[in-house]
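Residues per chain, in single letters:
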Amino acid sequence: MTVDAHHHVWDLSVRDQDWIAEGSPLRRDFTVDDLAPEARAAGVGRTVLVQTVTVAEETPEFLALAAGSDLIAGVVGWTDLTRADIADELARLRELPGGRYLKGIRHQVQGEPDPRWLLRADVHRGLAALAAAGLVHDLVVLPHQLPACAEAAASLPGLTFVLDHLGKPPIASAALEPWASHVRALAALPNTVCKLSGMVTEADPASWTADDLRPYADTVLEAFGPARLMFGSDWPVCTPIASYGEVLDIARRLTDPGTHREIFETTAVRVYDL
């Protein structure tokens, strides 16, 4: 059964998503009830719900949502990694309703002006607390931040780092370097994993084809191997470009059928302990 290791939900009446531009088709509610029929129709049986905003209240809401869902099997939430009591906060989250669904923490590193933010001493302490708690760290970064990701992963061999969206390569410009070299350096570390996700949103929205995505998919497949690669839809962020079913179909066409069980199921189950 296919696992979707990366999607979002939001309710604008609960919290604004200030990263969504006015007039965007994403500026509306997207709920689990919206996702479920599309996921089921595509053969997806379990998902991982990932944070969208750096607001502490979102994570408990997502945990409760997972507790009431037969689709969401894990949550990658957000909390301030630099807080002095990070270990206590992780323990508190796990004691909340649905706390057993907490599988990892993500910070919007892509928005940090310091390209070496992950290497700050206070951040390192927070990342070490994730490792001690048996959680993973999802990386949402831009290509120029990938070298710091590799340094952080090398300094914390007990923590699994999951690279979201291939590190956002410049697919629209068809450039591979220096992104590819940075990705290979990260993949050389055994405690790193990559999500085959977010590609369509980095492509030219007016003219992209699956062939435009292939060099990037091939790069991460070669670098990480199927045992460290997992599928994520990035729904609903993908929807202005491609439907849920189209994103899944493209990912399958870009990968060898012999790798599908790992990429579309077992890697995510193992990494996120689903």
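Here, the structure is the one placed above.
Residues numbered from 1 in each chain as written. Predicted model: local features only at pLDDT ≥ 70, side-chain atom pairs only at ≥ 80, totals over all residues. Heavy atoms only, no water.

## Here's the deal with the sheet that holds strand β7 (residues 192–196)
And then number 1: Taking strand neighbours across the sheet as the criterion, the eight strands line up as β1-β2-β3-β4-β5-β6-β7-β8 in an open arrangement whose pairing is parallel. Edge positions in the open sheet fall to β1 (2–7) and β8 (229–231), since each of these has one partner strand only. Recorded for the sheet is a direction-independent mean angle of 25° between the axes of neighbouring strands.
And then number 2: When β1 meets strand β2 (residues 44–50), the two strands line up parallel, connected through four bridges. Note that in β2 the partner of aspartate 4 across the bridge is threonine 47.
And then number 3: Across the sheet, helix α2 (residues 58–67) is in contact with β2, β3 (72–77) and β4 (102–107); its angle to β3 comes to roughly 175°. (Pairing = 2+ DSSP bridges. Helix = DSSP H or I, 4+ residues; strand = E, 2+ residues; numbered from the N terminus. Axes fitted to C-alpha atoms, helices over the stretch in contact; angles between N-to-C directions. Contact = heavy atoms within 4.5 Å.)

## Some points on the pairing of β3
And then number 1: Extensive coverage of β3 is indicated by the burial of six of its six residues.
And then number 2: Note: β2 against β3, four bridges, orientation parallel. Note on β3: the bridge partner recorded for valine 48 is glycine 74.
And then number 3: Running through α2, the crossover from β2 to the neighbouring parallel element β3 is right-handed.
And then number 4: Across three bridges, the pairing between β3 and β4 is parallel. In the sheet register, glycine 77 faces β4, and the bridge partner there is isoleucine 105.
And then number 5: Running through helix α3 (residues 86–95), the crossover from β3 to the neighbouring parallel element β4 is right-handed. (Buried < 20%, exposed > 50% of the residue type's maximum accessible area, 1.4 Å probe, protein only. Right-handed = clockwise from strand over helix to strand, strands pointing away.)

## So, the environment of threonine 2
And then number 1: Within the secondary structure, threonine 2 is located in strand β1.
And then number 2: On a C-alpha basis, the gap between threonine 2 and aspartate 218 in space is 21 Å, while along the polypeptide they are 216 residues apart.
And then number 3: Apart from residues no more than four positions distant in its own chain, threonine 2 is found in contact with Gly43, Val44, Gly45, Arg46, Leu248, Arg252 and Phe264.
And then number 4: Side chain to side chain, threonine 2 and arginine 252 meet in a polar contact 3.0 Å long. (Polar contact = N/O pair within 3.5 Å; in protein donor to acceptor, adjacent residues only side chain to side chain.)

## Notes on the side chain of threonine 192
And then number 1: Along the chain, the position of threonine 192 falls in strand β7.
And then number 2: Classification of threonine 192 by relative accessible area gives buried; the value is 0%.
And then number 3: Only 3.0 Å separates the side chain of threonine 192 from the backbone oxygen of leucine 186, close enough to count as a polar contact.
And then number 4: Apart from the residues within four sequence positions on either side, threonine 192 is in contact with Ala153, Phe161, Leu186, Ala187, Phe224 and Arg228.

## A closer look at helix α9 (residues 260–271)
And then number 1: The end-to-end C-alpha distance of α9 is 16 Å, a good match for the 16 Å that twelve residues give at a rise of 1.5 Å each.
And then number 2: For α9, the complete set of buried residues consists of His260, Ile263, Phe264, Glu265, Thr267, Ala268 and Val271.
And then number 3: Phi turns positive one or two residues past the end of α9, at aspartate 273, with a value near 50°. (Expected span 1.5 Å × (residues − 1).)

## Quick look at the packing of aromatic side chains
And then number 1: Scanning the entire structure with this criterion turns up five aromatic pairs.
And then number 2: Relative to tryptophan 235, the ring of phenylalanine 30 has its centre 5.6 Å away and its plane inclined at 90°; by these criteria the two rings are edge-to-face. Taken together, the residues phenylalanine 30 in the loop between β1 and α1 (32–41) and tryptophan 235 in the loop between β8 and α8 (244–253) connect sequence positions 205 residues apart. Neither phenylalanine 30 nor tryptophan 235 differs from the other in exposure class; each is buried.
And then number 3: One cation-aromatic arrangement involves arginine 28 over phenylalanine 30; the distance from NZ or CZ to the ring centre is 3.9 Å. (Phe/Tyr/Trp six-rings, centres within 6.5 Å; stacked < 30°, edge-to-face > 60°. Lys NZ or Arg CZ within 6 Å of the ring centre and 35° of its normal.)

## What about the pairing of strand β5 (residues 136–139)?
And then number 1: What you see with β5 is no split at all: Val136 and Asp138 on one side and His137 and Leu139 on the other are buried throughout.
And then number 2: Bridging between β4 and β5 involves four bridges; their strand directions are parallel. Within the sheet, the bridge partner assigned to arginine 106 lies in β5 and is aspartate 138.
And then number 3: With helix α4 (residues 121–132) bridging β4 and its parallel neighbour β5, the resulting β-α-β unit is right-handed.
And then number 4: With three bridges connecting them, β5 and strand β6 (residues 161–163) associate as parallel partners. Bridged to aspartate 138 within β6 is valine 162.
And then number 5: On the question of chirality, the crossover connecting β5 to the parallel β6 by way of helix α5 (residues 146–155) is right-handed.

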